[in-house]
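# Structure at a glance
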Protein chains: 2
Amino acid sequence: MIIQLDMQSDVPIYTQLMNQIIEGIARGDLKLGEALPSVRGLASDIGVNLHTVNKAYNLLKQEGFIQIHRQKGVVIQPDGMPEVTPEYELKQYNQLRPIIAEAICRGMTKEQLLQNIEQVHKEIMYNGKGNA
Amino acid sequence: MIIQLDMQSDVPIYTQLMNQIIEGIARGDLKLGEALPSVRGLASDIGVNLHTVNKAYNLLKQEGFIQIHRQKGVVIQPDGMPEVTPEYELKQYNQLRPIIAEAICRGMTKEQLLQNIEQVHKEIMYNGKGNA
DNA sequence: GCATATGTTATACTACAACTATAACAGATA
DNA sequence: TATCTGTTATAGTTGTAGTATAACATATGC
């Protein structure tokens, strides 16, 4: 699992970390129960501070994607991923809305949009072997 | 055109403003060439500072959604909306990617996802009369 | 011409988020 | 006992978001 960070991006490092780990799980690159690097180890690897990694880990834990054991370290949630809850659907809705609005503004057809979604979906699912 | 702001949101006010104006254009609520309130007027209406509105307007201008005339004020770009450029497609791709990855993680099927997209699309398009 | 409304620019300030830098603590393991 | 783990505390820097005033430049209406 290789982490790619863009230090010039306006997306915070801890958010990039969260996204990459979630995508890693989605593509099956990270299996359920699999261990993640320690906060110090990962921080040192990617050249950021311990607290930046810690923040990403704690947010992922809070959302149910990982477990943090006091001394064993961090593992991908072994009991399965968080469900599609109403709260999550609302979050997704609010994320999608401005994106779709801009697409409509620019004259992108619904079919083009759906095709783009399918394309991204395929890229995530079939670069690994799909989700566990 | 009613602006709804969430002061508690972690989304910056100027971003919320941009999103709402873009969505207003998408639903046809704001027509091409239509005038927008002055920076001072809108700022006073929604109870924020002049510079916050100014920032939103200038970013919208920079992306080609509006025109700003020195004295006439601000109008929705009359010559048509910005196109679907390669840069825009890349931006959209980077926006969609983490959203879709999380959906996959949570076990949402591609069909559910596409259905949600269509739902949002429909809500935007048919609450107004669709794009001009 | 003059007042007024427009966007623009400048300055300064507060508040907060992101990130870094150290240091120390607590618990489990070799 | 030494070491590795996550955790917590403190503090500092940097940048963004937002506010508060003030002034400037230009076009419009009376």
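This structure is a prediction, so every number in the text was calculated from the model and none was measured.

## Topic: the side chain of Glu102(B)
Looking at where Glu102(B) falls in the secondary structure, it is placed in helix α4 (residues 86–105). Look at Glu102(B) and you get buried, because its relative accessible area is 6%. For Glu102(B), the side chain forms a polar contact with the side chain of Lys91(A), separated by 3.0 Å. For Glu102(B), the residues in contact, after removing those within four places along its chain, are Ile22(A), Glu63(A), Phe65(A), Tyr88(A) and Lys91(A).

## Overview of the protein's contact with DNA strand D
Taken together, 23 residues sit near DNA strand D, with Gln71(A), Ile13(B), Tyr14(B), Lys55(B) and Gln71(B) positioned nearest. The contact in question runs from a phosphate oxygen of DNA strand D to an N or O atom on the backbone of Ile13(B), over 2.5 Å. Take Thr52(B): an N or O atom from its side chain is 2.9 Å from a phosphate oxygen of DNA strand D. Of all the elements in the fold, those that place two or more residues in the surface near DNA strand D are α2 (39–46), α3 (50–62), β2 (66–69) and β3 (73–76) of chain A together with α1 (13–26) and α3 (50–62) of chain B. Grouping the constituent residues of the surface near DNA strand D by class yields seven nonpolar, eleven polar and five charged.

## Remarks on the domain arrangement of chain A
Residue and element names in this part refer to chain A. Assigned domains of chain A: these are domain 1 (13–76) and domain 2 (86–127). Between the C-alpha centres of domain 1 and domain 2 there is a distance of 26 Å. Counting each side, the surface lost to burial between domain 1 and domain 2 is near 320 Å², with a carbon and sulfur contribution of 51%. Three residues, Glu23, Ala26 and Arg27, lead the burial of domain 1 against domain 2; their summed loss comes to 89% of the area buried on that side. For the pair domain 1 and domain 2, the number of links is zero salt bridges. Joining domain 1 to domain 2, the criterion identifies zero residue pairs in polar contact (both at pLDDT 80 or more). Residues of the side of domain 1 that touches domain 2, tallied by class, amount to one nonpolar, no polar and three charged.

Quick notes on the rules
- Residues numbered from 1 in each chain as written.
- Chains lettered and ligands numbered in written order.
- Predicted model: local features only at pLDDT ≥ 70, side-chain atom pairs only at ≥ 80, totals over all residues.
- Heavy atoms only, no water.
- Helix = DSSP H or I, 4+ residues; strand = E, 2+ residues; numbered from the N terminus.
- Buried < 20%, exposed > 50% of the residue type's maximum accessible area, 1.4 Å probe, protein only.
- Polar contact = N/O pair within 3.5 Å; in protein donor to acceptor, adjacent residues only side chain to side chain.
- Contact = heavy atoms within 4.5 Å.
- Near = heavy atom within 4 Å.
- Nonpolar A, V, L, I, M, F, W, Y, C, P; charged D, E, K, R; others polar.
- Domains from an automatic or database assignment.
- Buried area = accessible area lost by both parts, 1.4 Å probe.
- Salt bridge = Lys/Arg side-chain N within 4 Å of Asp/Glu carboxyl O.

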